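One letter stands for each residue in the lines below.
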Number of protein chains: 2
Amino acid sequence: MKAVGLVTEYNPFHNGHIYHIQQAKKITGADVVVVVMSGNFVQRGEPALFDKWTRAKAALENGVDLVVELPTFFAVQPSHLFAEGAVKLLSALGVHDMVFGSEHADIDFLELANQAPSVEQGRGVQDKNQTFASAYAAELEARTGFKLTDPNDILAFSYAKAVIKLGVEMKLHPIQRVAAGYHDQTVVTGQKIASASSIRLALHKGKLEKIQDVVPAATLQALDDGTHTINFEERFWPLLKYRLMTDTVGQLGQVYQMAEGLEHRLTAIALGEPGPKSYQSFIKSIKSKRYTFARMQRTLFYTLLNVKVDQMQAAMKDPYLRILGFTDDGQKYLNEIKKTVSLPLISKVDQNLAKANLRLDYKAGKLWQMLANHSEQQDVTRKPIYIKNNEPRVSREMIPGD
Amino acid sequence: MKAVGLVTEYNPFHNGHIYHIQQAKKITGADVVVVVMSGNFVQRGEPALFDKWTRAKAALENGVDLVVELPTFFAVQPSHLFAEGAVKLLSALGVHDMVFGSEHADIDFLELANQAPSVEQGRGVQDKNQTFASAYAAELEARTGFKLTDPNDILAFSYAKAVIKLGVEMKLHPIQRVAAGYHDQTVVTGQKIASASSIRLALHKGKLEKIQDVVPAATLQALDDGTHTINFEERFWPLLKYRLMTDTVGQLGQVYQMAEGLEHRLTAIALGEPGPKSYQSFIKSIKSKRYTFARMQRTLFYTLLNVKVDQMQAAMKDPYLRILGFTDDGQKYLNEIKKTVSLPLISKVDQNLAKANLRLDYKAGKLWQMLANHSEQQDVTRKPIYIKNNEPRVSREMIPGD
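(A) Expanded view of the overall build of chain A. The helix and strand tally for chain A stands at 19 helices and eight strands. Taken against the 2.2 N^0.38 rule, which gives 21 Å for 402 residues, the C-alpha radius of gyration of chain A at 21 Å falls within 12% of a compact globule. Pairs at least 24 apart in sequence give 76% of the contacts found in chain A among residues at least 6 apart. About 16,500 Å² of surface is accessible on chain A, with carbon and sulfur atoms providing 50% of the total. Considering chain A, the positive charge centre built from 48 side chains and the negative charge centre built from 43 side chains are found 5 Å apart.

(B) Quick peek at the relation of the copies chain B and chain A. Placing chain B over chain A gives an RMSD of 0.0 Å and needs a rotation angle of 180°, together with 0.0 Å of translation along the axis. The two molecules are tied by a two-fold rotation axis, judged by turn and shift. Among all residues of chain B, the one whose C-alpha sits closest to the rotation axis is Leu 239 of chain B, at a distance of 3.5 Å. Interface overlap between copies is the fraction of interface residues in one copy that are interface residues in the other; for chain B against chain A it reaches 100%, indicating a shared surface.

(C) Inspection of the pattern of salt bridges at higher detail. Residue and element names in this part refer to chain B. Counted according to the given criterion, the structure contains 28 salt bridges over all chains. The salt bridge partner of Arg 322 is Glu 69, with a shortest N-O separation of 4.0 Å. Remark: Glu 69 occurs in strand S3 (residues 66–70) and Arg 322 occurs in strand S6 (residues 321–327); sequence separation between them is 253 residues. The pair formed by Arg 322 and Glu 69 is uniform in burial state, with each residue classed as buried.

(D) Representation of the packing of aromatic side chains within the structure. Residue and element names in this part refer to chain A. If you walk through the whole model with that rule in mind, you get 31 aromatic pairs over all chains. Ring centres 5.7 Å apart and planes at 40° place the aromatic pair Phe 132 and Tyr 136 in the tilted group. Of this pair, Phe 132 and Tyr 136 both sit in helix H7 (residues 132–144), separated by four residues, roughly a single helical turn. These aromatic residues form a ring-pair network of at least three members: Phe 41, Tyr 256, Phe 301 and Tyr 302. Lying across the ring of Phe 132, Arg 123 places its NZ or CZ 4.8 Å from the centre.

(E) The confidence of the model for chain A, seen in detail. Per-residue confidence for chain A gives a mean pLDDT of 91; residues scoring 70 or more make up 95%. Confidence drops under a pLDDT of 50 for residues 393–402 of chain A, and excluding neighbours within four residues, the segment shows 24 contacts in the predicted structure.

Thresholds applied
Residues numbered from 1 in each chain as written. Chains lettered and ligands numbered in written order. Predicted model: local features only at pLDDT ≥ 70, side-chain atom pairs only at ≥ 80, totals over all residues. Heavy atoms only, no water. Helix = DSSP H or I, 4+ residues; strand = E, 2+ residues; numbered from the N terminus. Rg over C-alpha atoms; globule rule 2.2 N^0.38 Å. Contact = heavy atoms within 4.5 Å. Areas by Shrake-Rupley, 256 points an atom, 1.4 Å probe, with all protein chains shown as cover. Lys, Arg positive; Asp, Glu negative; His and termini not counted. Charge placed at Lys NZ, Arg CZ, Asp CG, Glu CD. Least-squares fit on C-alpha atoms with pLDDT ≥ 70 in both. Salt bridge = Lys/Arg side-chain N within 4 Å of Asp/Glu carboxyl O. Buried < 20%, exposed > 50% of the residue type's maximum accessible area, 1.4 Å probe, protein only. Phe/Tyr/Trp six-rings, centres within 6.5 Å; stacked < 30°, edge-to-face > 60°. Lys NZ or Arg CZ within 6 Å of the ring centre and 35° of its normal. pLDDT = per-residue confidence, 0-100.

In C-alpha cells, the structure reads:
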C-alpha cells in the first residue's frame, strides 16, 4: 500500500484539513493517509482546543487512515525541531511522500534548503534586537533571493532541511495555501474554509454560529460536548504564577529553553506588586525583541510542566510511534509495515511507560486535563480509536472558497 | 518594664485568648504582654483563617502590646521545634516569664522535662505501628508516672525541654485549661469561651451566628471583610496535585520531612485513576499509623511550598524578630530592649530580605494570598501595625464559662 504523510495539529479540525487530505491522495495516488499530529499541546506552547483523542477521531472520520502522536518533545518546539521530529516519525512509518500547504508552492524547497546557510551562519549575523528567525531569513535571502517569511513556507523549508539532515527518502509536495492565510483572524460568512486561528478566535469570542460552515460535524459535536480549553489562560496563569512563586531561580534556570537569565525576569515580574493580572498581560510584559511570542509561550509551557534541559535531551533521543487511531485501511497498512518499522510502535500506555519514555506526554496529558477541567484520562488504559472505513462525511470534493 | 511572653496562633483570635492575656498579666505582674505568633500558616500545616496582620491587630486591640512573627520554619513544625523556636524568640526579646494553658497546671514541667527520656531513647522504643509521640509518651510515663497525652500539656512540656536545651532564664507559668478543651468541636450556646477548633468548624459550616458570643469585635469585623481561608482546601488541592504531577519523585524526595519513600506514595495516589477528589480524601488515603494527621499536613505544606531539607536547615540557623505590631507600651518596651536584643529586629521587609532570610515567610505569604484569593501583599512594603494604648474592649475580666 502506498502512503502519503501529513504533519498536523488539527486545532481544531476544519474543512481546510479535509481539502488537504483529499489533495494529498489525489497528488500522490496514495492508498492511505498517514498523519503525524501534535498531542495535547501544540507548537505555540498552548494546550490544544480539544484533546488528542477528539482531534484524532475527527480526522479518522474525514479521510485520514492512521493517526500517530507527535510526542510533546517534538511538538512543542521551534519549527526546525518540530519538522525534524515529524519527518523522523513519518519516515519510520514507511512514508516517502509528504503533502503540505505553502504560500509558495512553486518553490523546490529541497533545493532551497541545500543552498541555505547553516544555523551557525544564521547566529553569526543575528544582532541583539532581532529574533534568530529574522536574522536567518535575511541571510537566506542574501544567498538565494528567496524571502522566507510566511509561516507555511517556513515549515516547508524546515521539512526540507530535516529530510536532508536525516538522509531519508522523502518527496515533498507543497500545495498552494489558499483562501485563508494562517494569520487571517476572520471567518468570512458564506465561505467553507477558514484558518484555524480565525476559528479559535471566533470560539474565544463565543461566536459559535460563525464556525458552523467551516468545520465538519465531528468538531461541532466536540464543541457540544463542552470539554475544551477555549479559556485555558484562566487556569494556566494561577498555576504558572504558583510555580514561579515557589521554585528558586536556580531551579527555574534549568528549565528547557530558559536562556540568558530569563528566569530572573520571569520571577521578578510575576511576583512584583501588584503583579500581572492575567497570562496575557504577563506574557506581554516579558516579551523582548530577541524572542517571538511563540518561543516565550513554549518556555512558559516547559516551566509549567517543570521539564529540565537534561530530561528533554534524553527524551528527544528516544522517540516512538504512539498510535492514536486507525481505520480498516490504516490497520492493514500497520500490519504491512510492522516488521520493518524502525521505531517502537506503542498502542497502549501502562504505568511503566508513563513513568519512563512517555513521561512527558503523560504529564502533558495530565496538565491538559487540569487546564480543560476534563475528567477523562489521556494515556494510561486508553486504546487507539478504531473507525470503520467510510467515505468522508463531506461528500463532494472541498473547493476552497466555495 | 517587665514583660510576660505568650506563644500563640490566634486562629482565630477569641475570648479565651483575652482571658489568657489577662491572666498572664495578673499572675506575673508584667507591664507588657509580648506575643510570638505563627504567621500565615499554623503548626498543623494549614493556612491561618486570617492573615497575620489581621490576627496581630485583633490581639493588639485586646491587651497585647507587642506581636512578633514566629517564622514559618519554626511555626510549621512538630511541637519540640515549634517550642524551641518560640522560646528562642521570647528570650531574645528579654522575656523571662511565659504563661500558657495546660490540662495539668499543677505539674512542674521543668522538673518533668529534667526526668524525661531523650529523643534517641524515645526512638529506641518506637515500633512500626506507632507514632514517635506515643512511643515517647509511653517511655516518659514509665519513667515518671506522668501521662503526656493532652495537647496543651505536650506544648508545656516542649517549652520546658526548650528552656533546658537553650539554657535560658525563663519561668514557666502553666494556667489551667478551662471550659473548652482543645479538641472540643462544639461552640456551646450561652458560653463566652469556645475552642479555636470549634470556632473554625462553625465557620466552615457557615454558622456565623454560633461564634458571635465567643470572639471579640475585631474577629467579627475580619469575617465581615470576607478575606479568609475557611475553604482553603478547594484551592490547596489543585495546586498540590499540580505539584505532585509535575515534579519528579527525585525532586519531591528532597522536600523537608519527606521520609521513608513517602514521595512515591504521594505521587502514585495523587495521580492514580480516578484519583482523590479532594484534599480530605487524599490525606485520608495517605495517612499511616506511623504519622499523625498534622505531620502529614506539614509535609504536604512543605511540598506545596517546595521547601527542601537544605533550605530549611539553613533558615532555622538564622532566626530573626519580625515585628508585626505594637501599642505605645509595646513601642516603649522595644526602645528599652533594642540595644540588648540578641537577634535581628526586622520592622520592614524589602525585596532583598524577601529573597534572602525571609524567603520562606515571603513565599508562605504569597501562597496564603493564593489560597485566600487575597489581593493584599503580606510582606514587602508592609509596616508594623500601631495601636494606641487602650483598655481591652471587653471591659470586665473574662470569666471562663461565664
